[in-house]
Protein chains: 2
Amino acid sequence: MTGPRIIDGKAVAAEVRAEMAKKVAAIKSKHGQVPGLAVVLVGEDPASKVYVRNKGAQTVEVGMNSIEHKLSAETSQDELLALVDTLNKDPQVNGILVQLPLPKHIDAELVLNTIDPIKDVDGFHPVNVGRLWIGERALVPCTPTGSVILAKSVAPNLSGMDAVVVGRSNIVGKPMAALLLRENCTVTIAHSRTRDIENVVKKADLVVAAVGIPEFVRGDWIKPGAIVIDVGINRIEGPDGKGRLVGDVNFAEASKVAGAITPVPGGVGPMTIACLLKNTVEAFEMQTGLSADA
Amino acid sequence: MTGPRIIDGKAVAAEVRAEMAKKVAAIKSKHGQVPGLAVVLVGEDPASKVYVRNKGAQTVEVGMNSIEHKLSAETSQDELLALVDTLNKDPQVNGILVQLPLPKHIDAELVLNTIDPIKDVDGFHPVNVGRLWIGERALVPCTPTGSVILAKSVAPNLSGMDAVVVGRSNIVGKPMAALLLRENCTVTIAHSRTRDIENVVKKADLVVAAVGIPEFVRGDWIKPGAIVIDVGINRIEGPDGKGRLVGDVNFAEASKVAGAITPVPGGVGPMTIACLLKNTVEAFEMQTGLSADA
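The name that an unreviewed UniProt entry assigns to chain A is Bifunctional protein FolD, with the source organism given as Candidatus Filomicrobium marinum. UniProt's Sequence similarities (unreviewed entry) comment on chain A is quoted here verbatim: "Belongs to the tetrahydrofolate dehydrogenase/cyclohydrolase family." Under Function (unreviewed entry), UniProt gives the following word-for-word description of chain A: "Catalyzes the oxidation of 5,10-methylenetetrahydrofolate to 5,10-methenyltetrahydrofolate and then the hydrolysis of 5,10-methenyltetrahydrofolate to 10-formyltetrahydrofolate."

This is how it looks when you write it as structure tokens:
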């Protein structure tokens, strides 16, 4: 028996980025325009600074314009809303991303809902959430989009599969369910109130874990041969006292049973920024009516 | 062994209407205002005319204002959009319902999306769909809302139940899933591509059938003691050549196994208008900031 296929998120993300670089080049040569992504960072959160730097670097790498607004932690809510409003009106800006978390004196929901839905590359605005569920053209959250791409990298046709999404967050669990339904999976959403969760997971051909609990899903919960997509990124302390990253799935156990599985790190993580670039191109096409193809 | 509990939709709907009549009376006495529901009917579809008449009658019965706009089948899309715009701006109108189906020369999606989301008592606007899934205050489609009320009439606490929704329409299946998730059910959405649907349904403590296929769900698909909510209303021809109404569940079979079940007619059907009145009161409260309670 051969081991399970380890899904290489870095490699798939590189493919998505290469595809976007091609699209951006085609848009530039055909229409003389370049899509632009604006990222707004408020305050000095170290993890957020790293994310923003990576987003900016990858945006430029695929040939798009990156616009970074770094604001002091003392920025008022009104100032931030005014900036969002300016970006909404700026035709050079096709995507707007406000990095979370925001300082406590700012109402994050209000800020996110102020972003023009057609520039909402995070896909968190109620209009995009609604369009996703209705089946209209929408900007869809990046992490679930990336997770579907990874699943399809090992099983191009998900139709008819029993999929179980563990977790029901607005950012991952729920949009994941919408996307898997669109792929014609039979979708079950499990969560903290689910009874006998082991057996719910055990019937799944496709498991997506997004609960934020380190190694929550055990190996004996996995149906042999199932595809396992692990969205969790948790820092835990190893026996040697050193920190290390683990997912929401016990990888050592599950990788003995699964047909294919994403590692942490190097699985879903790298897909998120790649899908953000994808959304920015999509937003450009929706706003301008132009396309890389024609 | 006693038979299953037959859930009396007429009686529960009457309770909801009585509750709304109380609320409307309280709003009138405390704030001197009366919520208003505008219904727009285009053309002469006989079934639609009956629905609109019933909606108007029940609106008035609970003490609200009913505003009916009956337009000729030749009404242009622009004329209809202009009417919706007028109703959006009219402070006497708290709810707007455009009766479907619309004549073919009119883009129904465009018309529905033109209704101000805060007056969208059908709950079909993307903004309301998005808010429902995010967990924000929203106007929620009437039939799923009524279905949840019926389920809770026999099992007040649905938390932890395995719920299976058969059907994934925008009007019933998907919002039903959102509402059951909010009730902390483990929710599975099954549909035409679902493999082995009998066994998917068979694990459910709560089954909601909304596929539009007469008597699709059979008795031996039902787990003994399960709650069965039948959203279907199909007219079929009986052996005597007479038409009769049946649901999406084979009632004769399923009622022998279920713990509780809704009949057709007299189950979910009567709840829909009752929940429309509920939404109109909710819309009034959202728009004015006034409440029946304070």
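What about the overall build of chain A?
Helices and strands together make up the secondary structure of chain A, namely ten helices and eleven strands. Compactness check: chain A gives a C-alpha radius of gyration of 19 Å against a globular reference of 19 Å for 294 residues, within 12% of the reference. Burial analysis of chain A (294 residues in total) assigns 55% to the buried set. In chain A, the proportion of contacts linking residues at least 24 apart, taken out of those at least 6 apart, comes to 69%.

Quick word on the interface of chain B and chain A
The interface is formed by 31 residues belonging to chain B together with 31 residues belonging to chain A. Of the roughly 2800 Å² buried at the junction of chain B and chain A (both faces included), carbon and sulfur atoms supply 54%. The largest contributions to the chain B side of the interface with chain A come from W133(B), I134(B) and L181(B), which together make up 21% of the buried area. For the interface between chain B and chain A, the tally reads zero salt bridges. Inspection of the region where chain B meets chain A yields 21 residue pairs in polar contact (both at pLDDT 80 or more). Secondary structure elements with two or more residues in the side of chain B that touches chain A: α4 (108–114), α5 (126–134), α7 (173–182) and β6 (186–190) of chain B. Top element by residues in the side of chain B that touches chain A is α5(B). It accounts for seven residues. Residue composition of the side of chain B that touches chain A, grouped by class: twelve nonpolar, ten polar and nine charged. Note: strand β6 (residues 186–190) of chain A against β6(B), three bridges, orientation antiparallel. Paired with V187(A) across the strands is I189(B), a residue of β6(B).

A few points about the environment of T272(B)
All names here are of chain B. Take T272: it is sitting in helix α10 (residues 269–288). According to the relative accessible area criterion, T272 is partly exposed, its value standing at 25%. Distance from T272 to G243, taken between C-alpha atoms, is 23 Å for residues 29 residues apart in sequence.

A word on the packing of aromatic side chains
Using the criterion set out here, one finds three aromatic pairs over all chains in the structure. An angle of 80° between the planes, with centres 5.3 Å apart, marks the rings of F216(A) and W221(A) as edge-to-face.

Comments concerning the confidence of the model for chain A
On average, residues of chain A carry a pLDDT of 97, and 99% of them reach 70 or more. Two numbers describe this predicted complex: its pTM, 0.96, and its ipTM, 0.95.

Digging into the relation of the copies chain B and chain A
The operation relating chain B to chain A is a screw motion whose rotation component is 180°, with 0.0 Å of axial translation and a residual RMSD of 0.0 Å. The two molecules are tied by a two-fold rotation axis, judged by turn and shift.

A closer look at the sheet that holds strand β4 (residues 95–98) of chain A
Residues and elements named next belong to chain A. One open sheet accounts for three strands, arranged β3-β2-β4; its pairing is parallel. Taken across any chain shown, the strands that pair with only one partner, and hence form the sheet edges, are β3 (65–71) and β4. Neighbour-to-neighbour, the strand axes of the sheet open up by a mean angle of 15°, direction not taken into account. Two strands pair when backbone bridges link them, and strand β2 (residues 36–42) and β4 are joined in this way by four bridges, in the parallel orientation.

Examining the pairing of strand β7 (residues 206–209) of chain A
Residue and element names in this part refer to chain A. Burial along β7 is two-sided: the residues L206 and V208 and V207 and A209 are all buried. Note that strand β5 (residues 162–166) and β7 share four bridges and pair parallel. Looking across to β7, one finds that A163 is bridged to L206. The sheet contact formed by β7 and strand β8 (residues 227–230) spans four bridges and is parallel. In the sheet register, V207 faces β8, and the bridge partner there is V228.

Brief notes about the UniProt feature "binding site: NADP(+)" (unreviewed entry) in chain A
With numbering matched to this structure, UniProt assigns "binding site: NADP(+)" (unreviewed entry) to G167(A), R168(A), S169(A) and I233(A). Relative to the helices and strands, R168(A) resides in the loop between β5 and α7 (173–182). Overall, the relative accessible area of 24% leaves R168(A) in the partly exposed class. R168(A) has contacts with G173(A), K174(A), I189(A), H191(A), S192(A), R193(A), L181(B) and N184(B), leaving out every residue within four places of it along the chain. By the secondary structure assignment, I233(A) is in the loop between β8 and β9 (234–237). Beyond its immediate stretch of four places on either side in the chain, I233(A) contacts L245(A), V246(A), V264(A) and G269(A).

A few points about the pattern of salt bridges
Counted according to the given criterion, the structure contains 14 salt bridges over all chains. K223(A) serves as the salt-bridge partner of D205(A), at 2.8 Å between the closest nitrogen and oxygen. With D205(A) in the loop between α8 (197–202) and β7 and K223(A) in the loop between β7 and β8, the pair connects residues that are 18 residues apart, well separated along the chain. The salt bridge involving K152(B) is made with E183(B); its shortest N-O contact spans 3.0 Å. One end of the pair, K152(B), is in helix α6 (residues 142–154); the other, E183(B), is in the loop between α7 and β6, with 31 residues separating them in the sequence. Assessed through its relative accessible area of 30%, K152(B) is described here as partly exposed.

What counts and how
Residues numbered from 1 in each chain as written. Chains lettered and ligands numbered in written order. Predicted model: local features only at pLDDT ≥ 70, side-chain atom pairs only at ≥ 80, totals over all residues. Heavy atoms only, no water. UniProt positions renumbered as here; feature names shortened; annotations may be inferred. Helix = DSSP H or I, 4+ residues; strand = E, 2+ residues; numbered from the N terminus. Rg over C-alpha atoms; globule rule 2.2 N^0.38 Å. Buried < 20%, exposed > 50% of the residue type's maximum accessible area, 1.4 Å probe, protein only. Contact = heavy atoms within 4.5 Å. Buried area = accessible area lost by both parts, 1.4 Å probe. Salt bridge = Lys/Arg side-chain N within 4 Å of Asp/Glu carboxyl O. Polar contact = N/O pair within 3.5 Å; in protein donor to acceptor, adjacent residues only side chain to side chain. Nonpolar A, V, L, I, M, F, W, Y, C, P; charged D, E, K, R; others polar. Pairing = 2+ DSSP bridges. Phe/Tyr/Trp six-rings, centres within 6.5 Å; stacked < 30°, edge-to-face > 60°. pLDDT = per-residue confidence, 0-100. Least-squares fit on C-alpha atoms with pLDDT ≥ 70 in both. Axes fitted to C-alpha atoms, helices over the stretch in contact; angles between N-to-C directions.

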